[in-house]
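Chain by chain, the residues run as shown.
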Amino acid sequence: MKVIRSVSGEEESEEPMVRPYGVYSDGKSLYVADPGLSLVHCFDFREKKYIQIKDAKDQHLEFPVGVAVDKEGRILVTDSGLGRVFTFNNAGKYLGEIGSFDVFEKPTGIAIHNDRIYVVDTHRHSVLVFSHDDGRLLFQFGKNGSKAGDFHYPTHIFASADGHLYITDTLNFRVQIFDRDGNFLSLFGKLGDAMGDFSKPKGIAADSDGNIYVADSQFDNVQIFDHSGRLLLVFGGSGSQKGKMSLPAGVFIDMNDRVYVADSYNRRVQVFQYLGKHSKELD
């Protein structure tokens, strides 16, 4: 695992990151939800442009925590404070919204797969699934509990290309895997302080080889597991130097196997390169 970049916002904007949380990249641009500033940072590295998303029509964003981008370039942002998912175009202009406090209690993680939008509701202990076309609620899965398929304050979600959903079941101290229809497939993890255990799992993503990355904000690291939950590697550790972390939150892996980690208390996003059998190092 190789560190290839650190983004703090200071070089690209007049307003540095305060509390980067949710992170997404399409390989060309980087989107960072920053609840500390109540906005979303949008970095276009190829065009060397930077914009901020602060307003959704006639209201300011309050507590944006999740961000995803669809194939049309529309930016979707979960706002836990306002209880909605807001949609913007690639210039940051408000397009619409999904949900309300009648639908959500605390929307957090978000992922898109084909025609569906998946939103984790931490306080409802469930995942709500919406139509990408019209924002209609299709179904939801999960309930409060500790059995397989149950959740206890889930936070983050990642959808792989094959439609598998990886979810951090944070206060059950585990990872659960579902198919795109919300059918339970497997789980792994437990509370503990040994390598491979969890204390406060947050961001989650999977690379092109199916390895699963989980950020733990208590351990200040990212642990990598195979699909059966066997620990493969740990990187990070407490600190502010390159490659070190302080309360990491969101994780995202793009199509080029670049691993983006929201290094929250260091006020930056760190970018790592996975050099696996299906990936190659990029400039």
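It should be emphasised that the depicted structure is a prediction, and the values quoted were computed from it without experimental measurement. (Residues numbered from 1 in each chain as written. Predicted model: local features only at pLDDT ≥ 70, side-chain atom pairs only at ≥ 80, totals over all residues. Heavy atoms only, no water.)

**Student:** Let's hear about the sheet that holds strand E8 (residues 64-69): which residues, and what values?
**Tutor:** Overall, antiparallel pairing links the 4 strands, which are arranged E8-E9-E10-E11 in an open sheet. Strands with a single pairing partner mark the edges of an open sheet, and in this sheet they are E8 and strand E11 (94-98). Within the sheet, the average angular offset between the axes of one strand and its neighbour, ignoring direction, is 25°. Across 4 bridges, the pairing between strand E10 (residues 84-88) and E11 is antiparallel. (Pairing = 2+ DSSP bridges. Helix = DSSP H or I, 4+ residues; strand = E, 2+ residues; numbered from the N terminus. Axes fitted to C-alpha atoms, helices over the stretch in contact; angles between N-to-C directions.)

**Student:** I'd love a proper account of the environment of Ile253, names of residues and values included.
**Tutor:** By the element assignment, Ile253 lies in strand E24 (residues 248-253). A sequence separation of 112 residues divides Ile253 from Phe141, and the C-alpha atoms of the two residues are 25 Å apart. Beyond its immediate chain neighbours, meaning those up to four positions away, Ile253 contacts Phe158, Ala205, Ala206, Asp207, Tyr213, Arg258 and Val259. (Contact = heavy atoms within 4.5 Å.)

**Student:** Tell me about the sheet that holds strand E15 (residues 137-141), residues and numbers included.
**Tutor:** A sheet is described by the order of its strands in space; here 4 strands give the open sequence E12-E13-E14-E15, paired in antiparallel fashion. If you trace the sheet from one side to the other, it starts and ends with strand E12 (107-113) and E15, each paired once. Each adjacent strand pair in this sheet contributes to an overall mean axis angle of 20°, direction not counted. In the sheet, E12 pairs with strand E13 (residues 116-121) via 5 bridges, with the strands oriented antiparallel. The residue of E13 that forms the bridge with His113 is Arg116.

**Student:** Which residues make up the environment of Val18, and what are the values?
**Tutor:** The residue Val18 is located in the loop between strand E1 (2-7) and strand E2 (23-25) in this model. Exposure remark for Val18: the relative accessible area of 29% places this residue in the partly exposed category. Linking Val18 and Asp34, residues 16 residues apart in sequence, is a C-alpha distance of 6.8 Å. In contact with Val18, not counting residues within four places along its chain, are Asp34, Gly36, Leu37, Ser264 and Arg267. (Buried < 20%, exposed > 50% of the residue type's maximum accessible area, 1.4 Å probe, protein only.)

**Student:** Tell me about unusual backbone geometry, residues and numbers included.
**Tutor:** Positive phi, normally seen in glycine, also occurs at Lys48, with a value near 55°. The residue Lys48 is located in the loop between strand E4 (39-44) and strand E5 (49-53) in this model. Despite not being glycine, Asp257 has its phi angle at roughly 65°, a positive value. Topologically, Asp257 is positioned in the loop between E24 and strand E25 (258-263).

**Student:** Any details on the packing of aromatic side chains? Residues and values, ideally.
**Tutor:** Inspection of every chain in the model, using the stated rule, returns 17 aromatic pairs. Relative to Tyr31, the ring of Tyr24 has its centre 6.3 Å away and its plane inclined at 50°; by these criteria the two rings are tilted. A single burial state applies to Tyr24 and to Tyr31, both of which are buried. A ring pair is formed by Phe141 and Phe178, whose centres lie 5.0 Å apart and whose planes are at 50°; its orientation type is tilted. A residue pair is termed long-range when its members are at least 10 positions apart, and Phe141 in strand E15 and Phe178 in strand E18 (residues 174-178) qualify at 37 residues. Taking relative accessible area as the criterion, Phe178 reaches 1% and is therefore assigned buried. The structure contains a cluster of three or more aromatic residues connected by ring pairs, namely Tyr24, Tyr31, Phe158 and Phe252. (Phe/Tyr/Trp six-rings, centres within 6.5 Å; stacked < 30°, edge-to-face > 60°.)

**Student:** Tell me about the pattern of salt bridges, residues and numbers included.
**Tutor:** Counting across every chain of the model gives 12 salt bridges. Where salt bridges share partners, they join Asp70, Glu72 and Arg74 into one cluster. (Salt bridge = Lys/Arg side-chain N within 4 Å of Asp/Glu carboxyl O.)

**Student:** So what's going on with the pairing of strand E17 (residues 165-169)? Which residues, and what values?
**Tutor:** Of all the 5 residues making up E17, 5 are buried; the element is thus mostly covered by neighbouring parts of the structure. On E17, burial covers both faces: Leu165, Ile167 and Asp169 on one face and Tyr166 and Thr168 on the other are all buried. Pairing of strand E16 (residues 157-159) with E17 involves 3 bridges; the strand directions are antiparallel. The residue bridging Ile157 from the neighbouring strand is Ile167, located in E17. The loop that links E16 with its antiparallel partner E17 comprises 5 residues; one of these, Gly163, has a positive phi angle of about 90°. The pairing of E17 with E18 spans 5 bridges and is classified as antiparallel. Bridged to Ile167 within E18 is Gln176.

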